[in-house]
Amino acid sequence: MNRLDSVSRRLMVRPPRLRAARYLRGGTWSVFGLALLGAVGLGLHMEADPTDVAVRTLVELPLTLLLLDLWALGIALFRQSQRTPLRVPVKTPPILAVFHLGLWAGGIYAVRGGVAALLGLLALLALGAAFLEARLVNRVLISEDTAAVGQTEAPEAVPDRPAGPEHVYEAQVILHNLGYDVGGIDGEMKEACRDALRQFQIVCGLQPSGEVTVLTMLALRNRWSAREAPGRDSR
């Protein structure tokens, strides 16, 4: 559950296009699950012996994960929101699609060569790449869904509260773009990221907790918006 929503309802207006992002987030994981079921379905359809079914499922998994690559490409092409700094890079899904096709071809040769360990490794790599892709799409859509598009109250009038770990990635991206050292953009709350948050919170007159909070996210997005506006400087 997105813990920014309950406060952001009082802070911002949500156009229908932004509300659609939450449904697309669910759709992302549904497509991921459908790709997994597709691999199992192909295994059951093409083989009868349980061992052969398992092998065929692993072989076809990278191919069915192309469905997620197509979904992510659609998000990248048609959800280029200007209200959030997060984007799905258009080149990422095609690169992963080629990667998945390569793993699929490698799986076929692994089966022909009788190298079961290699087949398992290739399937694991395909699954891992797809999971990271789904997480990236999910983070972008969370950012879009909760983007500040029109404050209706002064931030000082709203009690601060944790925004949730799902916003760490976006906070890192904005802080990095503003010139802060976050110790890497990975969605993990590390000490370097906490230090960067404290520095930013002090500059903005917020409680320097070093945590991602609702008011911190609003301030970050406002600074990013000011930085993106022509002729304006956010620092």
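In this report, we go over the structure that sits alongside the text. Being a predicted model, the structure only gives us computed values, none of them experimental. (Residues numbered from 1 in each chain as written. Predicted model: local features only at pLDDT ≥ 70, side-chain atom pairs only at ≥ 80, totals over all residues. Heavy atoms only, no water.)

## Digging into the pattern of salt bridges
Two side chains of opposite charge can pair, provided their charged atoms sit close to one another. Counted according to the given criterion, the structure contains eight salt bridges. A salt bridge links E144 to R79; its shortest N-O distance comes to 2.6 Å. Taken together, the residues span a long stretch of sequence, with E144 in helix α6 (residues 116-145) and R79 in the loop between α4 (66-78) and α5 (92-112) at a distance of 65 residues. Each member of the pair E144 and R79 is classed as buried. Of the charged contacts in the structure, one is a salt bridge between E211 and R194, with a shortest N-O distance of 2.4 Å. Residue E211 is located in the loop between α8 (191-203) and α9 (214-228), and its partner R194 is located in helix α8; the two are separated by 17 residues in the primary sequence. Through salt bridges with shared partners, a single ionic network connects E47, R56 and E60. (Salt bridge = Lys/Arg side-chain N within 4 Å of Asp/Glu carboxyl O. Helix = DSSP H or I, 4+ residues; strand = E, 2+ residues; numbered from the N terminus. Buried < 20%, exposed > 50% of the residue type's maximum accessible area, 1.4 Å probe, protein only.)

## Focus on the packing of α5 against α6
Between two packed helices, both the angle of their axes relative to each other and the distance between the axes serve to describe the pair. Two numbers describe how α5 lies on α6: the axes approach to 9 Å, and their chain directions differ by 165 degrees. When the interaxial angle is binned, α5 and α6 end up roughly antiparallel. At the point where α5 passes α6, the crossing takes the left-handed sense. Residues P93, L96, F99, H100, L103, G106, G107, A110 and V111 of α5 form the contact with α6, whose participating residues are L118, L119, L122, L125, A126, A129, A130 and E133. Class assignment of the residues belonging to the contact of α5 with α6 gives a composition of 13 nonpolar, three polar and one charged. (Axes fitted to C-alpha atoms, helices over the stretch in contact; angles between N-to-C directions. Parallel < 35°, antiparallel > 145°, perpendicular 65-115°, else oblique. Left-handed = near helix turned anticlockwise from the far one by under 90°. Contact = heavy atoms within 4.5 Å. Nonpolar A, V, L, I, M, F, W, Y, C, P; charged D, E, K, R; others polar.)

## Digging into helix α3 (residues 50-64)
Between its first and last C-alpha atoms α3 spans 20 Å; for 15 residues at 1.5 Å apiece the expected length is 21 Å, and the two agree. The largest bend along α3 reaches roughly 30 degrees and is located at L58, with the proline P62 sitting one to four residues downstream. Taken as a whole, α3 has its buried residues at V53, T57, V59, E60, L61, P62 and T64. Regarding α3, its N-cap is D49, as a side-chain oxygen of that residue lies 2.9 Å from the backbone nitrogen of T51 further along. (Expected span 1.5 Å × (residues − 1). Bend = angle between axes of the 7 residues up to and from the residue. Polar contact = N/O pair within 3.5 Å; in protein donor to acceptor, adjacent residues only side chain to side chain.)

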